[in-house]
Amino acid sequence: VCTCTSAREPILRRDWLGAGTHVNAVGSSLPTTRELDTETMAAASLFVDRRESTVNEAGDLLLAGLGEDHIRAELGEVLIEAHPGRGDEDELTVFKSLGLAVEDLAAAELVVRNAREQGAGTEVDF
């Protein structure tokens, strides 16, 4: 499930999610807004792009009354296998992203590479 909204109040509820669901929460990114309800956040193994940003800016975490100790790992820790990620197939997992410049650069590089390979678009010198 992907939530990509500017919601101020939860739009996704725990009782709507089955065992093993993964949620990418990439919308609401202010300490006063959230997309996920408290029950979802409390039940989920939480993965984030950056701990520091999450504990200061993520209303999904803060408004649920949860703190840094609820964060299982940063995405980079999972990618370099410093943390195992999902523990079993029934585990509810949430990736809360507030966005990092490196994520934007990686996405842009992929788009430009694919466009070049397909001969699509126009490159402009600047």
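Look a little higher up for the structure.
Residues numbered from 1 in each chain as written. Predicted model: local features only at pLDDT ≥ 70, side-chain atom pairs only at ≥ 80, totals over all residues. Heavy atoms only, no water.

**Some words on the sheet that holds strand E2 (residues 22-25)**
Worth spelling out the cut-off: Two strands are counted as paired when DSSP detects at least two bridges linking them. By definition, any uninterrupted DSSP run of H or I lasting at least four residues is a helix, any uninterrupted run of E lasting at least two residues is a strand, and each is numbered from the N terminus.
Strand order across the open sheet formed by 5 strands is E1-E2-E5-E3-E4, with parallel pairing between neighbours. The outermost strands of the open sheet, each flanked by one partner alone, are strand E1 (2-3) and strand E4 (71-74). Direction of pairing for strand E3 (residues 45-48) relative to E4: parallel, over a ladder of 3 bridges. For Val-48, the partnering residue across the bridge sits in E4 and is Glu-74.

**So, the nonpolar core**
Worth spelling out the cut-off: Each nonpolar core is a collection of buried residues, namely Ala, Val, Leu, Ile, Met, Phe, Trp, Tyr and Cys, held together in the definition by side-chain atoms within 4.5 Å. Here's how the labels work: a residue is buried when its accessible area is under 20% of the maximum for its type, exposed when over 50%, partly exposed in between, all with a 1.4 Å probe on protein chains only. Here, two residues are considered to be in contact whenever any of their heavy atoms come within 4.5 Å of each other.
With 16 residues, the main nonpolar core has Val-23, Leu-36, Met-41, Leu-46 and Val-94 as its most contacted residues. Where this core is concerned, the elements lending two or more residues are E2 and E3. Ignoring anything within four residues of it in the chain, the contact list for Met-41 reads Leu-36, Leu-46, Asp-60, Leu-61, Ala-64, Leu-66, His-70 and Val-94.

**Here's the deal with helix H5 (residues 101-118)**
This is how it is decided: Take the residue count of a helix, subtract one, and multiply by 1.5 Å to get its expected span.
Here H5 is 18 residues long and its end C-alpha atoms lie 26 Å apart, about the 26 Å a rise of 1.5 Å per residue gives. At the C-terminal side of H5, Gly-119 shows a positive phi close to 65°.

**Quick notes on the environment of Gly-27**
Tracing the backbone shows Gly-27 in the loop between E2 and helix H1 (38-43). The exposure class assigned to Gly-27 is buried, which follows from its relative accessible area of 12%. Through-space distance from the C-alpha of Gly-27 to that of Asp-37 is 14 Å; in sequence the pair is 10 residues apart. What Gly-27 contacts, discounting residues up to four positions off in sequence, is Thr-3, Cys-4, Thr-5, Glu-35 and Lys-96.

**Thoughts on the side chain of Glu-35**
Applicable threshold: The charge count includes Lys and Arg as positive and Asp and Glu as negative, but it does not include His or the ends of the chains. The salt bridge definition used is simple: a Lys or Arg side-chain nitrogen within 4 Å of an Asp or Glu carboxyl oxygen. Between N or O atoms, a polar contact is any pair within 3.5 Å; within protein, one atom must be a potential hydrogen donor and the other a potential acceptor, and residues adjacent in sequence are included only when both atoms are from side chains.
For Glu-35, the location among the structural elements is in the loop between E2 and H1. Of the side chains with opposite charge, Lys-96 comes closest to the buried, unpaired Glu-35, at an N-O distance of 4.3 Å. Polar contacts involving the side chain of Glu-35 include one to the main-chain amide nitrogen of Cys-4, which spans 3.4 Å. A polar contact is formed between the side chain of Glu-35 and the backbone nitrogen of Gly-27, at a distance of 3.0 Å.

**Some remarks on the pattern of salt bridges**
For the coordinates displayed, the defined rule picks out 7 salt bridges. Notably, a salt bridge pairs Arg-51 with Glu-74, separated by 3.8 Å at the nearest N-O pair. Placement of Arg-51 in helix H2 (residues 51-57) and of Glu-74 in strand E4 is noted, with a sequence separation of 23 residues between them. According to the relative accessible area criterion, Glu-74 is partly exposed, its value standing at 21%. The shortest N-O distance in the salt bridge between Glu-77 and Arg-51 comes to 3.1 Å. In this pair, Glu-77 sits in helix H4 (residues 75-79) while Arg-51 sits in helix H2, placing the two residues 26 residues apart along the sequence. Here Glu-77 falls in the partly exposed class, since its relative accessible area comes to 24%.

**As for the pairing of E2**
Side-chain alternation along E2 places Val-23 and Ala-25 on a buried face and His-22 and Asn-24 on a face that remains uncovered. Sheet topology note: the E1/E2 ladder contains 2 bridges and is parallel. Looking at the pairing, Cys-2 lines up with Asn-24 of E2. Two elements, E2 and strand E5 (residues 93-96), share 4 bridges in a ladder whose sense is parallel. Pairing of His-22 across the sheet is with Thr-93, part of E5.

Coordinates in, geometry out; function isn't part of it.
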